[in-house]
Amino acid sequence: MESLLAQPGMIGPLRLKNRLIMAPMGTNFGTSDGLSTERDRHYYALRAEGGVAAIVTEAMAVSEGGRAHNNSLWIYHDRFIPGLARLVQAIKAHDCLTIGQLNHRGALLRRMVLNMEPVGPSPWRNPNTGDEVRALDRAEIVAIQKDFVAAARRLWQAGYDAVELHAANGYLFQQFLTPRINRRTDDYGGSIGNRARLLLETVHRVKDALPDFPLWVRLSCTEYCEDGYPSEDVVAVAKLLEEAGVAALDLSGGTNESPALSRFCIQPPSMPRRALEPHARPIKAAVGIPTILAGRIITPADAEGVLADGSADFISLGRALTADAFWPKKAISGRRSAPASPATSASSG
């Protein structure tokens with residue numbers, strides 16, 4: 001029987017040659033001023049050569065005041081477009097789609113990194129740093145939404161196939177989604193519909209500006225804490241995103257707001273294989289758009305099992321691809337070693 005991983009699939013208008021997608025992971029291969037580099041291109045091109053159907057490149061900061069790390073990628077200005085276009089070309093040379101993830105860290109910004117000011121839905125204290133978090137006013141909310149639209153347009157100009165909004169892992173959109181952090185009393189707080197307003201308005205703004213550019217959203221299907229949002233909240237958000245025209249939901253878990261919770265974003269070996277699957281099933285059952293699932297999917301059998309059980313439509317690979325760029329080709333073909341390159345074959349003949 002043919003591997004389920006090998007079967008092509010559709011996400012909106014995009015045809016994926018198989019069911020394997022590279023998860024967005026920070027590399028710190030960028031320059032100190034946020035530009036893509038040759039090292040960046042080689043890293044992603046090798047994973048594309050290794051057989052994934054699509055690569056979601058690392059989260060790029062949409063606002064000048066929202067950078068994550070000293071060598072993370074930025075996309076707040078047009079000067080970043082040429083480098084990203086070269087990155088896209090390197091990936092597409094291997095018959096691989098390229099999706100750009102956009103992010104604003106919000107309250108998880110660090111004053112110690114380029115003096116970035118932590119901002120969020122409500123006054124708060126960042127547990128990682130002790131930094132005080134300032135609540136965004138309405139004008140600032142609109143400005144950030146416009147930054148996302150401008151960044152999405154830059155991705156489109158650079159030749160990306162789709163854009164993904166990062167609403168998972170404790171960053172700005174998730175800070176608005178969770179009642180633990182969002183204490184607002186205006187129409188951006190309270191009910192789940194209000195807490196999802198920032199994300200939904202941003203989705204609508206991006207789709208209005210770029211109607212033919214497929215839009216994905218990454219969600220944490222659980223926060224892994226007692227006072228986190230319940231399953232019914234994230235299911236409701238998933239339904240609202242589908243109604244808004246989102247093409248796919250990329251499901252992760254956890255929140256990076258503290259060391260104790262960060263481990264659920266990149267699950268340690270002590271957690272079970274397919275750790276997020278039970279939390280993803282209600283979302284998959286509630287929507288008609290494709291879902292993509294990460295979370296301790298280590299072996300081909302893990303990935304085949306998720307697809308066979310109908311828990312997701314596509315598999316998001318993180319550490320497996322960091323360790324072995326050719327994991328997809330090996331998994332689909334049953335090989336245990338990478339296929340020989342033409343140069344290797346010629347020299348050994």
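Scroll up a little and you will see the structure.
Residues numbered from 1 in each chain as written. Predicted model: local features only at pLDDT ≥ 70, side-chain atom pairs only at ≥ 80, totals over all residues. Heavy atoms only, no water.

Caption draft 1: The arrangement of the overall build of the protein in detail. A tally of regular secondary structure across the protein gives 13 helices and 13 strands. In summary, the protein has a C-alpha radius of gyration of 19 Å against a globular reference of 20 Å for 349 residues, a match within 12%. Taking the principal axes of its C-alpha atoms as reference, the protein extends roughly 70 × 45 × 40 Å. Counted over contacts in the protein with a minimum sequence separation of 6, partners at least 24 positions apart contribute 70%. Total accessible area computed for the protein in this model is approximately 13800 Å², and 52% of it derives from carbon and sulfur atoms. (Helix = DSSP H or I, 4+ residues; strand = E, 2+ residues; numbered from the N terminus. Rg over C-alpha atoms; globule rule 2.2 N^0.38 Å. Contact = heavy atoms within 4.5 Å. Areas by Shrake-Rupley, 256 points an atom, 1.4 Å probe, with all protein chains shown as cover.)

Caption draft 2: Expanded view of the nonpolar core. Membership of the largest hydrophobic core comes to 87 residues, with the highest contact counts inside it found for Leu199, Val217, Leu219, Leu241 and Leu249. The greatest single-element share of this core, amounting to eight residues, is contributed by helix α3 (residues 138-158). For Val217, the residues in contact, after removing those within four places along its chain, are Glu164, Leu165, Ala167, Leu199, Val203, Leu241, Val246, Ala248, Leu249 and Asp250. Formed by 15 residues, the second largest nonpolar core is a distinct cluster that contains Ile11, Ile99, Ala248 and Ile292. (Core = buried A, V, L, I, M, F, W, Y, C linked by side-chain atoms within 4.5 Å. Buried < 20%, exposed > 50% of the residue type's maximum accessible area, 1.4 Å probe, protein only.)

Caption draft 3: Inspection of helix α2 (residues 81-92) at higher detail. Along its twelve residues, α2 runs 16 Å from first to last C-alpha, staying within 8% of the 16 Å computed at 1.5 Å per residue. All of the buried residues along α2 are Ile81, Gly83, Leu84, Ala85, Leu87, Val88, Ala90 and Ile91. The elements touched by buried residues of α2 are α1 (38-49), β4 (54-61), β5 (97-103) and α3. (Expected span 1.5 Å × (residues − 1).)

Caption draft 4: Main features of the pairing of β5. Among the seven residues in β5, seven count as buried, and that is most of the element. Going residue by residue along β5, you find Leu97, Ile99, Gln101 and Asn103 tucked away on one face and Thr98, Gly100 and Leu102 tucked away on the opposite face as well. Handedness of the crossover joining β4 and β5 through α2 is recorded here as right-handed. Relative to strand β9 (residues 162-167), β5 is paired through four bridges, and the arrangement is parallel. (Right-handed = clockwise from strand over helix to strand, strands pointing away. Pairing = 2+ DSSP bridges.)

Caption draft 5: Inspection of the layout of surface pockets at higher detail. Considering only enclosed or pocket space, the largest pocket measures out at about 840 Å³ in volume. Along its surface, the largest pocket is lined by 41 residues, and Pro24, Met25, Gly26, Arg218 and Ile266 are the ones closest to its centre. When contributions to the lining of the largest pocket are tallied by element, the ones reaching two or more residues are β4, β5, β13 (314-317) and α11 (319-323). Counting residues per element, the lining of the largest pocket draws most heavily on β4, at four residues. (1 Å grid on protein atoms, 1.4 Å probe; cavity = no way out; pocket = protein on both sides within 12 Å on 5 of 7 lines; lining within 4 Å. Points joined across faces, edges and corners; volume = space filled by probe spheres on them.)

Caption draft 6: Seen up close, unusual backbone geometry. Despite not being glycine, Asp95 has its phi angle at roughly 55 degrees, a positive value. For Asp95, the location among the structural elements is in the loop between α2 and β5. In this structure, Asn169 takes a positive phi of about 60 degrees despite not being glycine. If you trace the backbone, Asn169 turns up in the loop between β9 and α4 (172-177). Residue Asn169 is classed as buried on the basis of its relative accessible area of 6%.

Caption draft 7: Quick peek at the pattern of salt bridges. The final tally for this structure, using the stated rule, is 19 salt bridges. Of the charged contacts in the structure, one is a salt bridge between Arg134 and Glu117, with a shortest N-O distance of 2.9 Å. Residue Arg134 is found in strand β8 (residues 132-135), and its partner Glu117 is found in the loop between β5 and β6 (119-120); the two are separated by 17 residues along the sequence. Take Arg134: its relative accessible area is 32%, and that puts it in the partly exposed class. A salt bridge links Asp302 to Arg273, with the nearest nitrogen and oxygen atoms 3.1 Å apart. Here Asp302 is found in helix α10 (residues 300-308), whereas its partner Arg273 is found in the loop between α8 (259-262) and α9 (277-286), with 29 residues between them in sequence. Via salt bridges that share partners, Arg274, Glu277, Arg281 and Asp309 belong to a single interconnected network. (Salt bridge = Lys/Arg side-chain N within 4 Å of Asp/Glu carboxyl O.)

Caption draft 8: Representation of the packing of helix α6 (residues 197-209) against helix α7 (residues 231-243). Between α6 and α7, the shortest axis-to-axis distance is 10 Å and the interhelical angle comes to 15 degrees. Here α6 is positioned roughly parallel relative to α7, judged by the angle of their axes. Both α6 and α7 take part in a crossing whose hand is right-handed. Between α6 and α7, the contacting residues are Leu199, Leu200 and Val203 on the first element and Val237, Leu240 and Leu241 on the second. Of the residues assigned to the contact of α6 with α7, the class counts are six nonpolar, no polar and no charged. (Axes fitted to C-alpha atoms, helices over the stretch in contact; angles between N-to-C directions. Parallel < 35°, antiparallel > 145°, perpendicular 65-115°, else oblique. Left-handed = near helix turned anticlockwise from the far one by under 90°. Nonpolar A, V, L, I, M, F, W, Y, C, P; charged D, E, K, R; others polar.)

Caption draft 9: A look at the packing of aromatic side chains. Counted by the stated rule, this structure contains six aromatic pairs. Within the aromatic cluster, the residues linked to one another by ring pairs are Phe29, Tyr43 and Tyr44. Against the face of Phe314 rests Arg19, its NZ or CZ located 4.9 Å from the ring centre. (Phe/Tyr/Trp six-rings, centres within 6.5 Å; stacked < 30°, edge-to-face > 60°. Lys NZ or Arg CZ within 6 Å of the ring centre and 35° of its normal.)

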